[in-house]
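Reading the structure
The chain contents come next:
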Amino acid sequence: MMQIHSFSVPGPPPGKPRMTRRDRWDRRPSVVRYREWCDAVRRVAGKIPPAETVTDCSWSAWFAPPKSWSRRRAQAALGCPHRGRPDRDNIDKALLDALWPKGDSAIARGTIEKRWGEPSRLDVTICFE
């Protein structure tokens, strides 16, 4: 029987940064932000199914328009595709590594989407057996 687990992570999702051995002791701001976001994902997600039972892991990222944009431009952008950084594959890597640090290679299917919207968040839906 198919089951669904959905949750939403507040704030804009970061892309997974390229990490080095030095990041274990030298706390770069991008790596610190990434690790804090991963902790927030695990906290919000609660108990998640093992990767081997997941049939689909889909997400939608929503980014608030920059404060520097005019109100008119921001309103026009809402709901439209977000074509800037972070890249969708880096967000996907960050999410899957946060949820399944040792076995995300078992996740074979999912849809991903980036859009302009208020508030900034990442909506995740996991379908599993």
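Residues numbered from 1 in each chain as written. Predicted model: local features only at pLDDT ≥ 70, side-chain atom pairs only at ≥ 80, totals over all residues. Heavy atoms only, no water.

Turning to the pattern of salt bridges, a few remarks are in order. Counting across every chain of the model gives five salt bridges. Across the pair Asp39 and Arg42 runs a salt bridge whose closest N-O atoms are separated by 2.8 Å. Here Arg42 and Asp39 lie together in helix H1 (residues 29-45), a separation of three residues that amounts to about one turn. Exposure remark for Arg42: the relative accessible area of 39% places this residue in the partly exposed category. (Salt bridge = Lys/Arg side-chain N within 4 Å of Asp/Glu carboxyl O. Helix = DSSP H or I, 4+ residues; strand = E, 2+ residues; numbered from the N terminus. Buried < 20%, exposed > 50% of the residue type's maximum accessible area, 1.4 Å probe, protein only.)

Locating Ile4 in the fold gives a position in strand S1 (residues 3-10). Sequence separation between Ile4 and Pro86 is 82 residues, and the spatial gap between their C-alpha atoms is 27 Å. Other than its neighbours up to four places away in sequence, Ile4 contacts Thr125, Ile126, Cys127 and Phe128. (Contact = heavy atoms within 4.5 Å.)

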